[in-house]
Amino acid sequence: MAEELSGRVAVVTGGAGGLGRASVERLLEDGVRVVIADLDRDLGKSLADEYGPDVRFRQTDVAVAGQAEELVAFAVAEFGGLHLMVNNAGIPGAMHQGLLDEDFADFQHVLGVNLFGVMTGTRAAARHMAEHGGGAIVNVSSIGGVQAGSGVLTYRASKAAVVHFSKCAAIDLAPYGIRVNCIAPGGIPTHFLATATASASADADDADEATRAIRARMAAIQPLQRLGTPRDVAEAVAYLGGDRSPHVTGTVLTVDGGTTAGLKPPPATA
């Protein structure tokens, strides 16, 4: 449905790369005016210049109290409103073998970005939307927050909290015409996995090899033998943020090739 969001205003946190950048590009196709929020000032400004007059950039650290409110105020000042908030910014945290090896050194940072940033971003957007006819909020979690597993435990816990918070917020904000939904991507090649493996190894070649091995293992157990892309997640953002989902709130949409439905059985042996 082309340009179903035409004329609306969106904010995408973590919008300068990966899933966020794909979401920005998808929303622009629908005629949305977009504010890219990201820590990377140079890349964010470059993208805003490249995408043209319907895009602005705001350097934002979602883990810092008050910056979500400033971001929403910026969007309203630049474009006159806010109809869609995409809380996408997130970090993987350090990768450890398991709980016994975990030092929780990055706990506050991971929770600050992945959970606090989503909560304050939701609140800031909702405060504006509640007084202006409602809107849509899309929070990006992960299949790591839906399905249990080992390793990156702080990351998994933060993403599970995003799922539960989104459902609670959906109930709380429904009387104001604000829909809150959650996307749980999985098996999407982005910088996330490479960042996590690099943090666990001082050797770049070892980190690259670990990244390839993990991706291959993820692909092997995915029922739908298709490589997911950031665009797949961006399409989910457009759906949950637009007019095709007016009766959808408090839900978690997995974009994972069927991984959370059940693992692919191993091939039969003779």
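Summary of the structure given here. (Residues numbered from 1 in each chain as written. Predicted model: local features only at pLDDT ≥ 70, side-chain atom pairs only at ≥ 80, totals over all residues. Heavy atoms only, no water.)

Thoughts on the environment of V233
Along the chain, V233 falls in helix α8 (residues 230-241). According to the relative accessible area criterion, V233 is buried, its value standing at 1%. With 214 residues separating them along the chain, V233 and L19 place their C-alpha atoms 6.7 Å apart. If we ignore the near neighbours within four places in the chain, the residues touching V233 are L19, I183, P185, I188 and V255. (Helix = DSSP H or I, 4+ residues; strand = E, 2+ residues; numbered from the N terminus. Buried < 20%, exposed > 50% of the residue type's maximum accessible area, 1.4 Å probe, protein only. Contact = heavy atoms within 4.5 Å.)

Topic: the pattern of salt bridges
Summed over all chains, the structure comprises 11 salt bridges. For R231, the salt bridge is made with E29, and the minimal N-O distance between the two is 2.8 Å. Highlighted residues: R231 in helix α8 and E29 in helix α1 (residues 18-29), separated in sequence by 202 residues. Salt bridges sharing partners connect three or more residues here, namely R26, E29, D30, R231 and E235. (Salt bridge = Lys/Arg side-chain N within 4 Å of Asp/Glu carboxyl O.)

So, the nonpolar core
By size, the foremost hydrophobic cluster in this structure holds 29 residues, and its most contacted members are L82, M85 and I137. Counting residues per element, the ones that place at least two in this core are β1 (9-13), β2 (33-38), α3 (67-79), α4 (107-129), α5 (153-173) and β6 (178-185). For this core, the element with the highest residue contribution is α4, accounting for 7 residues. Each residue touching M85, except ones within four places of it in the same chain, is listed here: V11, T13, L71, G121, A125, M129, A136, I137 and V138. Listed in part, the 27 residues of the second largest apolar core include L27, A48, Y51 and L240. (Core = buried A, V, L, I, M, F, W, Y, C linked by side-chain atoms within 4.5 Å.)

Brief notes about a nonpolar patch on the surface
A grouping of L99, F104 and F107 is seen on the molecular surface, where their side chains present a nonpolar patch of about 290 Å² in accessible area. Among the secondary structure elements, L99 is positioned in the loop between β4 (84-87) and α4. On the accessibility criterion, L99 (54% relative accessible area) is exposed. (Patch = residues over 30% accessible without salt bridge, like charges linked within 9 Å, V, L, I, M, F, W, Y side chains within 5 Å. Areas by Shrake-Rupley, 256 points an atom, 1.4 Å probe, with all protein chains shown as cover.)

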